[in-house]
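# Inside the fold
The chain contents come next:
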Amino acid sequence: MKRAAAGSTGASLPVRHDRRCVECMALAFGIGAAIVASFAYLAVDWRGLFSSESMRLMGRFTAEFFPPDLSPAFLGRAAWGALQTFAVATIGTLLAVVAGGLLALPAAGRFGTPARVAARFALNALRSVPELVWAAIMVIAAGLGPFAGTLALALHTSGVLGRLYAESLENAPRGPERALRDAGSAPVAAFAYATLPLVTAQGVAYALYRLEMNIRMAAVLGFVGAGGLGQMLYFHLSIFQQAQASTLLMAMLLLVFAVDALSGWARARLAPAYA
Amino acid sequence: MRAPSAVGPPLRDPAAGRRVGLAVTAAILLWPLLVLAEFEPWRLFDASHLAVMAGFLGGFLPPVVTAEFLALLVRATLETLAIATAGIALAFVIAAPLAALATRSLSIARIGPGPGLRSGVALRTVVRGLLTLLRAIPEIVWALLFVRALGLGPGAGVLALAVTYGGMLGKVYAEILESGDTRPARALLEAGSSRLGAFFYALVPAAAQELASYTVYRWECAVRASVVMGFVGAGGLGQLMDQSMKMLNGGEASSVLLVFLGLVVVADLLSALIRRVLA
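Residues numbered from 1 in each chain as written. Chains lettered and ligands numbered in written order. Predicted model: local features only at pLDDT ≥ 70, side-chain atom pairs only at ≥ 80, totals over all residues.

## Notes on the overall build of chain B
Counted only if it meets this: Comment: elements are numbered from the N terminus, with helices defined as DSSP H or I runs of at least four residues and strands as E runs of at least two. We call a residue exposed when 12 or fewer other C-beta atoms sit within 10 Å of its C-beta, buried when the count reaches 20 or more, and partly exposed for counts in between; the C-beta positions come from the backbone. A residue pair is marked as a contact if its C-beta atoms, positioned from the backbone, fall within 7 Å.
Helix and strand counts for chain B stand at 10 helices and zero strands. Seen through its C-alpha atoms, chain B measures out along the principal axes to roughly 80 × 70 × 40 Å. Across the 279 residues in chain B, those meeting the buried criterion constitute 39%. Residue pairs in contact within chain B that sit at least 24 positions apart in sequence constitute 76% of those at least 6 positions apart.

Listed below in structure tokens is the structure:
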């Protein structure tokens with residue numbers, strides 16, 4: 001503490017501070033310019049938002065959502081849709097945990113540099129294609145229905161989780177695994193008993209985060225025909241049945257709340273093994 | 001290295017029973033989910049699907065690089081970038097104040113006995129509820145709402161992104177501000193600093209890197225969300241992709257996908273740059 005205090009009164013700090021501020025000023029200026037340029041490029045007439053006419057139209061659109069359709073028959077269908085969305089998101093995330101985990105091993109550089117570069121490229125490619133585009137491709141490959149949505153989520157999420165897993169594997173201390181290897185343990189056993197326990201808690205936490213996001217995404221994937229709440233929502237919105245759409249939105253909200261709470265509870269119980 | 005059996009009983013995993021139990025429970029829970037998701041991998045190998053897919057994927061190579069399509073692609077990319085950037089800028093404007101209101105780290109009443117504990121908790125709960133509402137309604141529904149006001153076009157897309165991503169950024173900002181080192185903020189508050197002072201001088205500097213990298217990540221997601229924006233005629237890469245997919249034009253689709261890949265790489269570089277400057 002004392003040394004830090006002494007250092008801050010030294011002559012070196014103002015110089016460093018100046019140089020950094022040139023950099024951060026340049027960055028701030030760049031970001032500001034990008035934002036201004038974006039708004040200028042789009043040239044949207046924002047006045048339309050605040051006119052009384054558009055306020056009335058938006059108000060009417062919102063009012064059409066009330067009262068929601070709460071007939072038992074429709075509630076049953078909404079519950080079925082919610083279950084399907086939950087299933088799509090869960091299976092998709094689980095498949096992604098497996099595929100991402102397998103790709104993370106080469107991506108963390110365990111099988112040499114060429115494998116590392118190839119795996120990183122594969123992960124980036126999986127991640128860079130939006131879920132909705134994966135879903136559209138999977139609808140071609142597997143036909144309409146929730147299976148296409150499951151595959152789409154699994155493919156995109158594999159890219160995201162694989163990258164995060166590779167980073168945790170690289171950050172994990174190497175000591176325990178090396179100790180087991182030096183004591184004559186087989187490579188797979190050394191990995192499973194030394195490195196895996198160090199990264200499991202973090203990995204499960206990442207997977208739960210992705211599950212929360214995938215629940216939201218699974219609800220939207222239905223728009224390209226991938227089943228669940230999204231497909232029903234798209235159907236009812238496109239035939240202007242706002243009362244039904246509003247029930248579905250509430251089902252979505254409930255599902256998101258429930259899964260967020262559950263996964264938040266599970267994440268709070270997962271203390272990192274090395275902390 | 002096998003334990004010599006003469007020394008003692010063979011090695012045994014003490015957690016084996018628990019692990020088997022967990023695996024069986026998971027399998028029982030998983031089965032109905034697999035049925036609900038209509039998990040039928042063999043459908044992928046259906047002859048008719050394979051033929052369509054082969055035709056589509058076969059068209060991926062080579063990507064279309066005619067001057068005409070490239071001009072379209074450049075314009076769509078600029079549009080997508082502009083929508084994502086404007087949307088994230090507005091989302092930040094929504095999220096930053098709400099996150100400051102929602103974070104527990106700035107609560108003075110929590111430090112010691114004093115007035116305002118109840119009203120503080122109530123305020124934070126209301127703000128958190130608002131953030132959840134903003135992000136739980138899908139972008140497309142917000143977009144349909146704003147289309148009523150602004151008509152078909154990028155404006156509705158920007159606002160829809162701003163509202164949903166405002167909700168997401170706000171929630172995550174609040175969590176980042178709570179999970180980092182909050183002792184400096186607490187020290188300032190205990191010494192009588194205002195909440196704003198503690199926010200700008202203690203909380204934000206400690207979490208700046210994480211906040212920035214999450215914001216850049218969200219920008220990347222916003223670029224991908226432009227696919228949704230195609231639905232409201234906002235243009236951009238999503239609409240172009242949609243058209244190529246509907247016509248099963250693999251060459252055009254692969255060009256668009258390559259642009260997505262390039263944008264993700266750019267976002268990674270940008271994130272690294274911003275984190276380095278903030279370090």
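So, next bit.
## Details of the interface of chain A and chain B
The criterion, for reference: Amino acid classes used here: Ala, Val, Leu, Ile, Met, Phe, Trp, Tyr, Cys and Pro are nonpolar; Asp, Glu, Lys and Arg are charged; the rest, including Gly, are polar.
Facing 50 residues of chain A, the contacting portion of chain B comprises 46 residues. Of the residues contributing to the side of chain A that touches chain B, the split by class is 35 nonpolar, 13 polar and two charged.

## Examining the confidence of the model for chain A
Put simply, the rule is: What pLDDT conveys is the predictor's confidence in a given residue, as a value from 0 to 100.
Across chain A, the average pLDDT comes to 82, with 91% of residues at 70 or higher. Confidence drops under a pLDDT of 50 for residues 1–16 of chain A, and excluding neighbours within four residues, the segment shows one contact in the predicted structure.

## Some remarks on the confidence of the model for chain B
Residue and element names in this part refer to chain B. With 94% of its residues at a pLDDT of at least 70, chain B reaches an overall mean of 81. By mean pLDDT, the top-scoring element of chain B is helix H3 (residues 67–102) (89), and the lowest-scoring one is helix H2 (residues 47–58) (76). Scoring the predicted complex yields pTM 0.77 and, for the interface, ipTM 0.72.

## Some words on the domain arrangement of chain A
To be explicit about the condition: Those domain boundaries reflect an automatic or database domain assignment.
Domain annotation of chain A identifies domain 1 (2–54) and domain 2 (73–269). With centres defined by C-alpha atoms, the gap from domain 1 of chain A to domain 2 of chain A works out at 34 Å.

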